[in-house]
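# Understanding the architecture of this molecule
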Amino acid sequence: MENNRSSWGSNIGFLLAAIGSAVGLGNIWGFPYKMGKSGGFTFLIVYLLLAVFVGMIIMVSELAVGRKTKLSPIDAYQKVTKKFAWIGWLATVAPFLIMTFYSVLGGYCLQYIALNLTELSFGIGATGSEAFGAILTNPFGAVVFTALFMILCMVIVQGGVDSGIEKFNKIGMPALFVMLLIIIVRALTLPNAVDGLKFMFVPGYAVSAGYITEAPDLITVLGTAGGQMFFSLSLAMGAILTYGSYLGKEENLVKNSAIIVFADTLIALLAGIAVIPAAVANGLNNGLARGEIALGGPKLLFITLQDVFANMGKIGPLFGVIFYGLVLIAAISSAISLMETISAHWIDKDLQRGETDTRKRIVLIVSLLIMIPAALVAADGLGSSKFYPAALLGIQGGVPDFIADWLDFMDCWSEGIAMPLGAMLMALMIGWEMSPDLVLDEVAHGDPSEGFKKFYKFCVKFVVPIVMAFVLAGQMIGFFSGSPIIWYVISGILLVGFWIFAAVGNKKDAKVE
Ligand code: PHE
C-alpha cells in the first residue's frame, strides 16, 4: 500500500501546507482580539510559553505518530494504542464539526468579496451592519455561498496531496503574506491607528482606555490563550497527524514543528497589526466611543472591517477585495486540511484493498455529508433563524453560548470539548500508556539532542495533561453558563481518571514499544 500512498513533493511544500492549515480564521479574528482583551503582552507571553511547552510537544507528537504509522488518525491510533484507540475517532469527528461552520464563514468571505467587487464596479456598496444583516437573514444565499466554498475546497482536495493541497498552498501562502502586508500599510497610515496598536500591545490599555470594562484573571488568560493556541495551530484535530503521515523519513520533525509554530504566531501578530488599528481608527474617526467598537468575533471581521473599507472612499472596496481575499485563502488552506483529515481513513482503506482511484469519490461524499449540517448552520445565520438550538429546546432568556446558535453549538463540541480532551488524552497515552520513546525514536531521524528528549518527556508526561485540564475548563466556562468552579472540578476529575486509566497495567500490553 505504501507505494501508492500520497506524499508531499518537498519539505517546503509540506511546510507551506501545514502553515496553511494553521493560518486560518483563528489567526485573523481570534488572536488579535483575545490578545487585546486579555492584557496585551501578558497574553502574548502566556501564549508563547504555551506554544513552546505544550503546542510544540503535541505538534511533534502528532507528526511522529502520523509519519511512523503512515496512516490516517483512526488507523494510526488503533495501531499505537490499545486503551486510547478511540482518540482517532475524536480526531475525525472534530474536523467534521469544525467544517460545518468553517465552510459557512468561508461562504461569508465569498459574499464580501462579491460585495466589494460590486462596489468597485458599480459604486453600489453597503456598510458593515447593512451587509451582515442582509447576509444573516438570507438563508438561501448563505447556503449557496457555503456550497460554493465547499466546492472550491473539494476540488483542491480531490486533486491530491501534492498536486492539489501542496500546489494551492505554494501559491496561496506567499499571496496571503503579500496581501497582508498591503493591508498593514493601509491600516497603519489611517489617523488614530496607533491607539489600536496600544490596545494590542500595551498591558492593561484595553481596560484603562475603556475598550473593555474588566481585565480577566490569569487563570482565564491561561484558558483563553491555550484554547486559541490549539485551534490556531490545528492541533489535536487529526490535521497535523494526517499531514505528517505524508512526510518523508528524512525530514526533521522538531525543526519543522518550530517553523510552523513560529510562522503561525507571526501571521497572527501581523493580522492583529492589520486588523485592530484599522478597526480602532475607523471607529474613533467616526465618533464612536472606545467601548462601542466591535473588536471581536464575527462582528470584527464582517461588520467593523467592512465599515473600514466602506469609509475609505473610492479605493476602499479595492482594499476590501484584497482583505476578504486573503481571509478566503486562509480559510481554504485550513478547510482543505480538515477535509483531507476526514477523507484519509477511507482513502487508506481503499488503498489497502488495492483500489487506488477512489479519492475523488470519497472527497465528494465527505463534502456532501458536511454540507448537510453546514446548510443548517448557514441558514441559521448566527441565531437569526427561528430554529436556533435554544428555540428548538424551548429555552428563552439567559441562553448559554453553546445553544445560542448552531455555529456555537458545533464549535462547542469540536473546539470546546474534543480538542482539549483529545490533546490531554494524547499526552497521557504517549506519556503513561506507551512510552515517550515511541515518539522520540521516530523523531530520531532528525536526531534530537539529549536536551530535547528530556524536555519532551517532562512536558508530555506532566505539563501538557495539566495545562489541557485548565484549557478544557476554560472552554467550558466560556460555552456553558454556571459557576467556573464546577468546570474546574469536572476537568480535574477527568484528568485524574484518565491519568490512572493510562498508567495502570500498561507497557506490557502496549502494541508498539
Ligand atoms: N488553524 C485553523 C485556524 O486558525 C483552524 C483549524 C483547526 C484547521 C484545526 C485545521 C484543524 O483557523
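Residues numbered from 1 in each chain as written. Predicted model: local features only at pLDDT ≥ 70, side-chain atom pairs only at ≥ 80, totals over all residues. Heavy atoms only, no water.

## Looking at unusual backbone geometry
- Of note in the backbone geometry, Asn192 takes a positive phi value of approximately 75° without being a glycine.
- If you trace the backbone, Asn192 turns up in the loop between α8 (161-188) and α9 (193-201).
- Although it is not a glycine, Ala236 sits at a positive phi angle of roughly 55°.
- In this fold, Ala236 is placed in the loop between α11 (218-232) and α12 (239-244).
- Exposure remark for Ala236: the relative accessible area of 11% places this residue in the buried category. (Helix = DSSP H or I, 4+ residues; strand = E, 2+ residues; numbered from the N terminus. Buried < 20%, exposed > 50% of the residue type's maximum accessible area, 1.4 Å probe, protein only.)

## A closer look at the packing of aromatic side chains
- By the definition in use, this model includes 34 aromatic pairs.
- A ring pair is formed by Phe302 and Tyr324, whose centres lie 6.4 Å apart and whose planes are at 10°; its orientation type is stacked. Pair noted here: Phe302 is in helix α14 (residues 297-310) and Tyr324 is in helix α15 (residues 316-352), with a separation of 22 residues, a long-range link.
- Exposure remark for Phe302: the relative accessible area of 0% places this residue in the buried category.
- By relative accessible area, which is 0% here, Tyr324 ends up buried. (Phe/Tyr/Trp six-rings, centres within 6.5 Å; stacked < 30°, edge-to-face > 60°.)

## Here's the deal with helix α19 (residues 436-443)
- With six of its eight residues buried, α19 lies for the most part within the structure.
- Within α19, burial applies to Pro436, Leu438, Val439, Leu440, Glu442 and Val443.
- Considering only its buried residues, α19 is in contact with α3 (41-69), α4 (73-80), α13 (253-285), α18 (406-433) and α20 (450-479). (Contact = heavy atoms within 4.5 Å.)

## Thoughts on the pattern of salt bridges
- Here the structure, examined in full by the defined rule, presents 10 salt bridges.
- Linking Glu442 and Arg67 is a salt bridge whose minimum nitrogen-to-oxygen distance equals 2.7 Å. With Glu442 in helix α19 and Arg67 in helix α3, this pair connects stretches of sequence that are 375 residues apart.
- A relative accessible area of 3% means that Glu442 is categorised as buried.
- For the salt bridge of Lys453 with Glu450, the shortest nitrogen-to-oxygen distance reads 3.7 Å. Highlighted residues: Lys453 and Glu450, both in helix α20, separated by three residues, approximately one helical turn. (Salt bridge = Lys/Arg side-chain N within 4 Å of Asp/Glu carboxyl O.)

## Digging into the side chain of Ser232
- Looking at where Ser232 falls in the secondary structure, it is placed in helix α11.
- Of note is the side chain of Ser232, whose polar atom sits 2.7 Å from the side chain of Asp264.
- Dropping the residues within four chain positions of it, Ser232 is found in contact with Ala22, Val23, Asn27, Tyr47 and Asp264. (Polar contact = N/O pair within 3.5 Å; in protein donor to acceptor, adjacent residues only side chain to side chain.)

## Focus on the nonpolar core
- Formed by 182 residues in total, the largest nonpolar core has its most connected members in Phe230, Phe302, Leu305 and Phe323.
- Sort the elements by how many residues they give to this core and α15 lands first, with 19 residues.
- Grouped together as the second largest cluster of nonpolar side chains are nine residues, Ile403, Cys412, Met476 and Phe479 included. (Core = buried A, V, L, I, M, F, W, Y, C linked by side-chain atoms within 4.5 Å.)

## Some points on the site of the ligand
- In the vicinity of the ligand there are 15 residues, among which Ala22, Leu25, Gly26, Tyr102 and Phe231 approach most closely.
- Ser21 is positioned with one of its backbone polar atoms (N or O) 3.1 Å from a nitrogen atom of the ligand.
- In this structure, Phe231 approaches the ligand through a main-chain N or O atom, which is 2.8 Å from a nitrogen atom.
- Burial of the ligand by the protein amounts to 100% of the accessible area it has alone, namely 330 Å².
- Mapped by element, the contributors of at least two residues to the shell around the ligand are α1 (11-22), α2 (25-37), α11 and α15.
- When grouped by side-chain class, the residues that make up the shell around the ligand number seven nonpolar, eight polar and no charged. (Near = heavy atom within 4 Å. Areas by Shrake-Rupley, 256 points an atom, 1.4 Å probe, with all protein chains shown as cover. Nonpolar A, V, L, I, M, F, W, Y, C, P; charged D, E, K, R; others polar.)

## Re the state of the cysteines
- One pass over the structure, following the stated rule, counts zero disulfides.
- Free of any disulfide, Cys109 has its nearest cysteine sulfur in Cys153, 11 Å distant. (Disulfide = S-S within 2.5 Å.)

## Observations concerning the packing of α1 against α13
- Their axes nearest at 9 Å, the elements α1 and α13 cross at an angle of 40°. Comparing their axes, α13 and α1 come out oblique. Of the two possible hands of crossing, α1 and α13 adopt the one that is right-handed. Residues Asn11, Phe14, Leu15, Ala18, Ile19 and Ala22 of α1 form the contact with α13, whose own contacting residues are Asn256, Ile259, Ile260, Ala263 and Asp264.
- The residue inventory of the contact of α1 with α13, partitioned by class, reads eight nonpolar, two polar and one charged. (Axes fitted to C-alpha atoms, helices over the stretch in contact; angles between N-to-C directions. Parallel < 35°, antiparallel > 145°, perpendicular 65-115°, else oblique. Left-handed = near helix turned anticlockwise from the far one by under 90°.)

## What about helix α7 (residues 139-158)?
- Between the first and last C-alpha of α7 there are 28 Å, a value that for 20 residues agrees with the 28 Å anticipated at 1.5 Å per step.
- Tucked into the core, α7 has its buried residues touching α5 (87-122), α6 (128-136), α8, α15 and α16 (359-380).
- Phi turns positive one or two residues past the end of α7, at Gly160, with a value near 105°. (Expected span 1.5 Å × (residues − 1).)

## Quick look at the side chain of Asp411
- Relative to the assigned elements, Asp411 resides in helix α18.
- Buried and unpaired, Asp411 has no salt bridge, with Lys34 as the nearest side chain of opposite charge at 7.5 Å.
- The residues touching Asp411, leaving out its near neighbours within four places in the chain, are Phe101, Gly416 and Phe479. (Lys, Arg positive; Asp, Glu negative; His and termini not counted.)

## Focus on the environment of Ser121
- Structurally, Ser121 can be placed in helix α5.
- Between the C-alpha atom of Ser121 and that of Leu284, which follows or precedes it by 163 residues, the distance is 29 Å.

## Quick notes on the confidence of the model for the protein
- Of all residues in the protein, 97% have pLDDT values of 70 or greater, and the mean over the chain is 91.
- Across the protein, the secondary-structure element scoring lowest on mean pLDDT is α2, at 85, and the one scoring highest is α7, at 98. (pLDDT = per-residue confidence, 0-100.)

## So, the packing of α14 against α15
- At a closest axis distance of 8 Å, the pairing of α14 and α15 adopts a crossing angle of 150°. Here α15 runs roughly antiparallel to α14, going by the angle between their axes. Only Gly316, Pro317, Phe319, Gly320, Phe323, Tyr324 and Val327 of α15 make contact with α14, whose side of the interface consists of Leu301, Phe302, Leu305, Gln306 and Phe309.
- For the contact of α14 with α15, a count of residues per class yields nine nonpolar, three polar and no charged.

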